[in-house]
Amino acid sequence: MSTTAPALSRTGGADGRRRDRRKLADDVAGWSFAGPATLVILGFSLIPMAWALALSFTDSDLMSPGRDVGLDNYRALLHDPVFHQALANTGLLVAIYIPASLAAGLLVAVLLNRKVRGIGFYRACFLVPYIASATSAGLLMGYIFDRDFGLMNGLLVKLGLPVQGLLSSPSQAMFVLTLIFFWTRFGFSVVIYLAAIQEISKEVVEAAAIDGAGRWATFRHIIVPSVRPMTIFLAVWGLIDALQFFDLVMTTTKGGPANSTVTIVYYVWQLAFTFFTAGYGAAVAYVLFAGTLLLIVVGMLIARRKGVLR
């Protein structure tokens, strides 16, 4: 009678149990790293999103559950002049900031991609505003652009120019905030573009120079196509960043004068924590979420169609 089959069976069973134990150990190790992050995402993102969606169908004031109002909050948005103003202000910010940050970021990155004395200091100068606190930047810029005591109007007076309303002018305040936002954020574009430019093969650039390509031809035909994926990334990042514009409004104009600087996120904050109409504020927030998602999807589809993304 042969004992080979039972021996193989016992060996296979032992190997299987060892594989199961190793797999269990790998799973435990993996979840020990991923578990905390998963809990954070669930606790601070997914669960609040679901709660806010349910809240948008009520007239809750955050103090009480409120009653179900169906789609009334969303219908009210169609006739809300402040919401329309917030949309216009946010759209203006997006329309100015994204092209300006992409163009200026690429130009500055090209200039910083040189071996000159003190280049590290120059690079840091463009990054510091980005990593600085938005609150401190808002307080500083609020003083600089103050109508009566600000440094900007002081400079204009010395140049013989009339005093400007700046942050206290309904026609100028949003443009000034857009300028401040650009100054504090476009350093991120510089860093990303600079990293992408430094990944371009030096042999390709040198071959182009040997063939007689000047700086403009090199920039247009080598640098711009090479950083195109980063341009898409920065455009999406800038869109999300601009649509969440809040800190500078809070620390400078607080939506004034005459709602000329109210943005969608600031309006959501006002509705929830100033007017205590949290249900209506949640509806505004979800309209912002849907609009942002739609813009990103459309942008990605256009990029894929043009071959920028694969």
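As shown above, the structure is provided for reference.
Residues numbered from 1 in each chain as written. Predicted model: local features only at pLDDT ≥ 70, side-chain atom pairs only at ≥ 80, totals over all residues. Heavy atoms only, no water.

## Focus: empty space enclosed by the protein
Alright, step 1. Evaluation of the coordinates by the stated rule reveals one cavity of 30 Å³ or more.
Alright, step 2. In this structure, the largest cavity spans a volume of roughly 30 Å³.
Alright, step 3. Lining the largest cavity are Tyr97, Ser101, Phe188, Ser189, Leu234, Trp237 and Gly238.
Alright, step 4. Broken down by secondary-structure element, the contributors of at least two residues to the lining of the largest cavity are helix 3 (81-112), helix 7 (173-198) and helix 10 (228-243).
Alright, step 5. The element best represented in the lining of the largest cavity is helix 10, accounting for three residues.
Alright, step 6. Among the residues making up the lining of the largest cavity, the classes are represented as four nonpolar, three polar and no charged. (1 Å grid on protein atoms, 1.4 Å probe; cavity = no way out; pocket = protein on both sides within 12 Å on 5 of 7 lines; lining within 4 Å. Points joined across faces, edges and corners; volume = space filled by probe spheres on them. Helix = DSSP H or I, 4+ residues; strand = E, 2+ residues; numbered from the N terminus. Nonpolar A, V, L, I, M, F, W, Y, C, P; charged D, E, K, R; others polar.)

## What to know about the nonpolar core
Buried together is how nonpolar side chains tend to be arranged in soluble globular proteins.
Alright, step 1. Residues Phe145, Phe245, Tyr267 and Val284 are the most contacted members of the largest nonpolar core, which totals 56 residues.
Alright, step 2. Ranked by the residues each element gives to this core, the list is headed by helix 7, at 14 residues.
Alright, step 3. Apart from the residues within four sequence positions on either side, Phe145 is in contact with Met152, Leu166, Leu167, Val176, Leu179 and Ile180. (Core = buried A, V, L, I, M, F, W, Y, C linked by side-chain atoms within 4.5 Å. Buried < 20%, exposed > 50% of the residue type's maximum accessible area, 1.4 Å probe, protein only. Contact = heavy atoms within 4.5 Å.)

## Let's talk about unusual backbone geometry
Alright, step 1. Residue Pro257 is bonded to the preceding Gly256 through a cis peptide linkage, with omega at -10°.
Alright, step 2. Structurally, the position occupied by Pro257 is in the loop between helix 11 (247-251) and helix 12 (264-273).
Alright, step 3. Backbone geometry at Leu166 places phi at a positive 55°, although glycine is not the residue there.
Alright, step 4. Within the secondary structure, Leu166 is located in the loop between helix 6 (151-158) and helix 7.
Alright, step 5. Relative accessible area serves as the criterion here: at 7%, Leu166 is assigned to the buried category.
Alright, step 6. We note that Asn259 has phi near 60°; this positive angle belongs to a residue other than glycine.
Alright, step 7. Tracing the sequence through the fold places Asn259 in the loop between helix 11 and helix 12.
Alright, step 8. Residue class for Asn259 comes out partly exposed when judged on its relative accessible area of 31%.

## Describing the environment of Val297
Alright, step 1. Inspection of the secondary structure assignment puts Val297 in helix 13 (residues 278-305).
Alright, step 2. Sequence-wise, Val297 and Gln244 are 53 residues apart; in three dimensions their C-alpha atoms are separated by 18 Å.

## A few points about the environment of Arg75
Alright, step 1. Along the chain, Arg75 falls in helix 2 (residues 72-77).
Alright, step 2. Look at Arg75 and you get partly exposed, because its relative accessible area is 45%.
Alright, step 3. At 2.8 Å, the side chain of Arg75 and the side chain of Asp72 are in polar contact. (Polar contact = N/O pair within 3.5 Å; in protein donor to acceptor, adjacent residues only side chain to side chain.)

## Here's the deal with the packing of aromatic side chains
Alright, step 1. Applying the stated criterion across every chain yields a total of 15 aromatic pairs.
Alright, step 2. Between the aromatic rings of Phe182 and Phe186, the centroid separation amounts to 4.6 Å while the plane-to-plane angle is 15°, which identifies the pairing as stacked. With Phe182 and Phe186 both in helix 7 and four residues apart, this pair spans about one turn of that helix.
Alright, step 3. On the basis of relative accessible area, Phe186 is assigned to the buried category, the value being 9%.
Alright, step 4. Here a set of aromatic residues connected by ring pairs shows up, and it is made of Tyr130, Phe188, Phe233 and Trp237. (Phe/Tyr/Trp six-rings, centres within 6.5 Å; stacked < 30°, edge-to-face > 60°.)

## Notes on the packing of helix 12 against helix 13
Alright, step 1. The contact between helix 12 and helix 13 brings their axes to 7 Å, and the two run at 165°. One way to sum up the angle between helix 12 and helix 13 is to call them roughly antiparallel. Helix 12 and helix 13 meet at a crossing whose hand is left-handed. Counted together, Ile264, Val265, Tyr267, Val268, Leu271 and Ala272 of helix 12 and Ala278, Tyr280, Gly281, Val284, Ala285 and Leu288 of helix 13 form the full contact between these two elements.
Alright, step 2. Its residues assigned to classes, the contact of helix 12 with helix 13 comprises 11 nonpolar, one polar and no charged. (Axes fitted to C-alpha atoms, helices over the stretch in contact; angles between N-to-C directions. Parallel < 35°, antiparallel > 145°, perpendicular 65-115°, else oblique. Left-handed = near helix turned anticlockwise from the far one by under 90°.)

## Comments concerning the packing of helix 4 (residues 119-131) against helix 7
Alright, step 1. Running from N to C, helix 4 and helix 7 cross one another at 135°; their axes reach a closest spacing of 6 Å. In this view, helix 4 runs oblique relative to helix 7, as classed from their interaxial angle. Note on packing geometry: the crossing formed by helix 4 with helix 7 is left-handed. Contacts between helix 4 and helix 7 involve Arg123, Phe126, Leu127, Pro129 and Tyr130 on the former and, on the latter, Trp183, Thr184, Arg185, Phe186, Gly187, Phe188, Val191, Leu194 and Gln198.
Alright, step 2. Here the residues of the contact of helix 4 with helix 7 sort into nine nonpolar, three polar and two charged.

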